[in-house]
Amino acid sequence: MIGVQLKKHLTSKTELIVALDFPRADRAMELVKKLGLASVLFKVGSELFLSGGPDFVRELVHQKKRVFLDLKLHDIPNTVAKAARQAAMLHVEMMTVHLAGGSAMIRAVADELSSIPELKPKILGVSVLTSFDDVRCAEVTKAMTGHAIDVKTSVAGLVSYAQNCGVDGIVCSPLEVAQVRKDFPALYTVVPGIRPEGTPSNDQARVMTPKEARSAGAHAVVVGRPISEAKDPSAVVEKILGDLA
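Residues numbered from 1 in each chain as written. Predicted model: local features only at pLDDT ≥ 70, side-chain atom pairs only at ≥ 80, totals over all residues. Heavy atoms only, no water.

**Considering the sheet that holds strand E3 (residues 66-73)**
1) Next: If you walk around this closed barrel you meet the eight strands as E1-E2-E3-E4-E5-E6-E7-E8, and the pairing is parallel. Pairs of neighbouring strands in the sheet enclose a mean axial angle of 25 degrees, with direction left out of account.
2) Next: Bridge analysis of strand E2 (residues 41-45) against E3 gives five bridges, and the strand direction is parallel. Paired with Val 44 across the bridge in E3 is Leu 69.
3) Next: Against the sheet, helix H3 (residues 46-62) engages E2 and E3, with an angle of about 140 degrees to E2.
4) Next: Strands E3, strand E4 (94-98) and strand E5 (122-126) of the sheet are contacted by helix H5 (residues 103-114), whose axis makes an angle of about 155 degrees with E4. (Pairing = 2+ DSSP bridges. Helix = DSSP H or I, 4+ residues; strand = E, 2+ residues; numbered from the N terminus. Axes fitted to C-alpha atoms, helices over the stretch in contact; angles between N-to-C directions. Contact = heavy atoms within 4.5 Å.)

**A short note on the packing of aromatic side chains**
1) Next: A complete count under the given rule lists zero aromatic pairs for this structure.
2) Next: The ring centre of Tyr 188 lies 4.8 Å from the NZ or CZ of Lys 122, which sits over that ring. (Phe/Tyr/Trp six-rings, centres within 6.5 Å; stacked < 30°, edge-to-face > 60°. Lys NZ or Arg CZ within 6 Å of the ring centre and 35° of its normal.)

**Focus: the packing of helix H2 (residues 25-35) against helix H11 (residues 233-244)**
1) Next: Two elements in contact, H2 and H11, have axes whose closest approach is 9 Å; the angle formed by their N-to-C orientations is 60 degrees. In terms of orientation, H2 and H11 fall into the oblique class. The element H2 and its partner H11 pack so that their crossing is right-handed. Counted together, Leu 31, Lys 34 and Leu 35 of H2 and Pro 233, Ser 234 and Val 237 of H11 form the full contact between these two elements.
2) Next: In terms of residue class, the contact of H2 with H11 is made up of four nonpolar, one polar and one charged. (Parallel < 35°, antiparallel > 145°, perpendicular 65-115°, else oblique. Left-handed = near helix turned anticlockwise from the far one by under 90°. Nonpolar A, V, L, I, M, F, W, Y, C, P; charged D, E, K, R; others polar.)

Nothing here speaks to function; it is geometry throughout.
Structural data, given as structure tokens:
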């Protein structure tokens, strides 16, 4: 059975998401231009969105680029639902909400976006940040509940309720993706913490190479600094796409 599951994973496409983690829109656009017609998605996170704003996202979409808006929304249900509608109006392909926001928040987002199906992006639930290891996770969970819970247990608990609340997929670390695919096969998996061989992990605590993430069943992987800080970003992207093919 394991062999069959692995074969199925390897015959499906794993996509590359390039993280545009820049403080200015012009620098981000330089990388977009360098990558030309590469078959990738571009992730716009909080730093770039606060700098370039919705206009930068609109420009990417105008250039027919695929956009993953990674703002990790987390607030009261109505606030997050209305923010999600604004994200959809930008024609982004994917967007993120924090699963820690609870089932009512996630359902509010799903209900809001169901009214505009032609614009609805994938709703991705962020489980546990890849900067967390078991020590950091235990620190937070103990402060909130009085009980220390490790990363694996936290991810499983969050994903198990989220799948029934309207999310289309999950953002999880490479170390959890195989179990998520096994337990929740209908969910789309986006995996940050990807580092090509020979590159430092920096502030990521749970990392894998592109090949390892693909073998584990990731639908899409996110790569940032190994591409954006490379002398030849196009060559790095070409190598990663080869590893994912």
